[in-house]
Structure formats: C-alpha cells, structure tokens
Amino acid sequence: MAPRAHRRAILMMIVAAICWSSGGILVRQLSITNAWEIVFWRSVFMTLFVAGVLLAMHGRRMPAVVLAGGRPVLLSGLFLAGTFFFFIGSLTRTTVANTFVLMSVSPFLAALAGRLVLRETVPARTWIAMSVAFVGIVVMFADSLDAGRLAGNLLALGVSCCFAAQVIVLRRYHATVDMLPQVMVAGILSLVVAVVLAPPFAATGPDLAVL
C-alpha cells in the first residue's frame, strides 16, 4: 500500500472510531428507549445521507453501481446492519462503557478471521499490542459480569462478531467491487426490519435532531 494511501486509511480509522464513540453519548440524550425505533430513525437518516453521496458521485448510474456490487455488497450490508441492531440493543441494556469495552474485541476477531480466511500475515508487534489491550479489557470488564446486564453485554459481543465478518468481506472484495453501496444497503435492510418492530413511534423533535 502506498504511504499516502496508508496514512489516509489511518486517518479514516481514527475518524470512524470518534464517530462510533459519540454514539453512546447521543443515544443517552434521547427521551425514547425503544431500541427498534432508535435503529429505525438512525437507519433512515443514514440511508438518505449515503444515497445522496452515491448520487453525487455517480449521478444516474447510482442504481446500476449499487446493483453491480451483487452478493458481496449484500453480504457486507447484512453484517453491517447486524452491528446497528446489536449496538443499540446493547446500549439500551447495559452501560456505555460495557458496550464499548466489549466492542473493542473487534480487532482481535478481525485479525484472527483475516489470518484464517484471507491468509493475511499479522505482524508480531500487532499481536503484542492486541494482547496488552485484551488484558486491559478483561481487567475493566471483570467486575461487571455480575451487574445484571448479561443481555446487553452479549449484544455488544454481537457487534464485534458482525464487525469482524464485515471487515473480512470488505477486504475480500474491495479490489473488484465498489463496497461503499453496502452502507446504504445496510441502512435499507435495518430500517425494513425495524419499521415492523418500532411502533408506536414516540420520538420527539429533539430526539430526531439527535438521531
């Protein structure tokens, strides 16, 4: 990978982490607690935003670009949609700290899957860094096992599993298929499911602004 592309990837990773970290704070600002309704509105706004980006990039070719992704885009979108459900479900059943601490095992799962499925080599320094981080996760999380939040904790682990699976699909097909449409596909899949389970809708104007 070219040095410039590598630096850009690292920057995108940092921005993505910041965006994900803000999710817990924002969800706590809502007056609604129905996880399905939260997923629905987040998915609606995200789908509209990504559709606008794709339309700006491809114009009238946008539908063809989305369909051209085929099974990889659909599969990756399905895993990403899974992270939406597990993430919000976890936040509404356990603490923000527990959710994000457990989500942080995603790199371990992704590295292991990358090694097994893609035969990617993981440098020794990366394994060492991840092992040290994992010890920190165990120490931080040990006291919360008996906190009566088992469902939320397990849902947070579901986020990690879906993330790892999505990363593998992205890495497997990114060179041959434009994977950006999978974000919009994930939004569509999640809102179609959530709209059935979300009613009665109770979001206020301020809630919608946050969402």
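Residues numbered from 1 in each chain as written. Predicted model: local features only at pLDDT ≥ 70, side-chain atom pairs only at ≥ 80, totals over all residues. Heavy atoms only, no water.

Asks: I'd like to hear about the overall build of the protein, residue by residue, with values.
Replies: When you go through the protein residue by residue, the secondary structure sums to 10 helices and 0 strands. Going from the N terminus to the C terminus, the protein shows its helices and strands as α-α-α-α-α-α-α-α-α-α. Against the 2.2 N^0.38 benchmark of 17 Å for 211 residues, the protein shows a C-alpha radius of gyration of 18 Å, consistent with a compact globule. Principal axes of the C-alpha set define a box for the protein whose edges measure 55 × 50 × 25 Å. Relative to all contacts within the protein whose residues are 6 or more apart in sequence, the contacts with residues 24 or more apart total 87%. For the protein, the exposed area adds up to about 12,100 Å²; of that, 71% sits on carbon and sulfur atoms. Side-chain charges in the protein split into 15 positive and 6 negative, and the spacing between the mean points of these groups amounts to 16 Å. (Helix = DSSP H or I, 4+ residues; strand = E, 2+ residues; numbered from the N terminus. Rg over C-alpha atoms; globule rule 2.2 N^0.38 Å. Contact = heavy atoms within 4.5 Å. Areas by Shrake-Rupley, 256 points an atom, 1.4 Å probe, with all protein chains shown as cover. Lys, Arg positive; Asp, Glu negative; His and termini not counted. Charge placed at Lys NZ, Arg CZ, Asp CG, Glu CD.)

Asks: Requested: an account of the state of the cysteines, with residues and values cited.
Replies: A covalent bond between the sulfur atoms of two cysteines is what we call a disulfide. Per the counting criterion, the structure on display carries 0 disulfides. This cysteine, cysteine 19, is not joined by any disulfide, and cysteine 162 carries the nearest cysteine sulfur, 20 Å off. You can see cysteine 162 has no disulfide; the closest cysteine sulfur is in cysteine 161, sitting 7.0 Å from it. Cysteine 162 gets classed as buried once you look at its relative accessible area, which sits at 12%. (Disulfide = S-S within 2.5 Å. Buried < 20%, exposed > 50% of the residue type's maximum accessible area, 1.4 Å probe, protein only.)

Asks: Please set out the packing of aromatic side chains residue by residue, giving values where relevant.
Replies: Under the defined criterion, the tally for this structure stands at 8 aromatic pairs. Measuring from ring centre to ring centre gives 5.2 Å for phenylalanine 40 and phenylalanine 201, while their planes differ by 50 degrees; the resulting arrangement is tilted. Placement of phenylalanine 40 in helix H2 (residues 35-58) and of phenylalanine 201 in the loop between helix H9 (181-197) and helix H10 (205-210) is noted, with a sequence separation of 161 residues between them. Here phenylalanine 40 falls in the buried class, since its relative accessible area comes to 11%. Taken together through their ring pairs, the aromatic side chains of Trp20, Phe87, Phe100 and Phe163 make up a single cluster. (Phe/Tyr/Trp six-rings, centres within 6.5 Å; stacked < 30°, edge-to-face > 60°.)

Asks: Residues and numbers for the environment of methionine 62, please.
Replies: Tracing the chain through its elements places methionine 62 in helix H3 (residues 62-68). The class of methionine 62 is buried, set by a relative accessible area of 13%. Distance from methionine 62 to proline 200, taken between C-alpha atoms, is 34 Å for residues 138 residues apart in sequence. When residues no more than four places from it in sequence are discounted, the contact partners of methionine 62 are Ala51, Leu54, Leu55 and Met184.

Asks: Which residues make up the nonpolar core, and what are the values?
Replies: Grouped together as the largest cluster of nonpolar side chains are 17 residues, with contacts concentrated most on Ile38, Phe87 and Ile88. Counting residues per element, the ones that place at least two in this core are H2, helix H4 (70-91) and helix H8 (150-173). No other element matches the 5 residues that H2 contributes to this core. The next biggest cluster of nonpolar side chains, apart from the first, holds 16 residues, and it includes Val66, Val73, Val169 and Val185. (Core = buried A, V, L, I, M, F, W, Y, C linked by side-chain atoms within 4.5 Å.)

In short, shape yes, function no, at least from these values alone.
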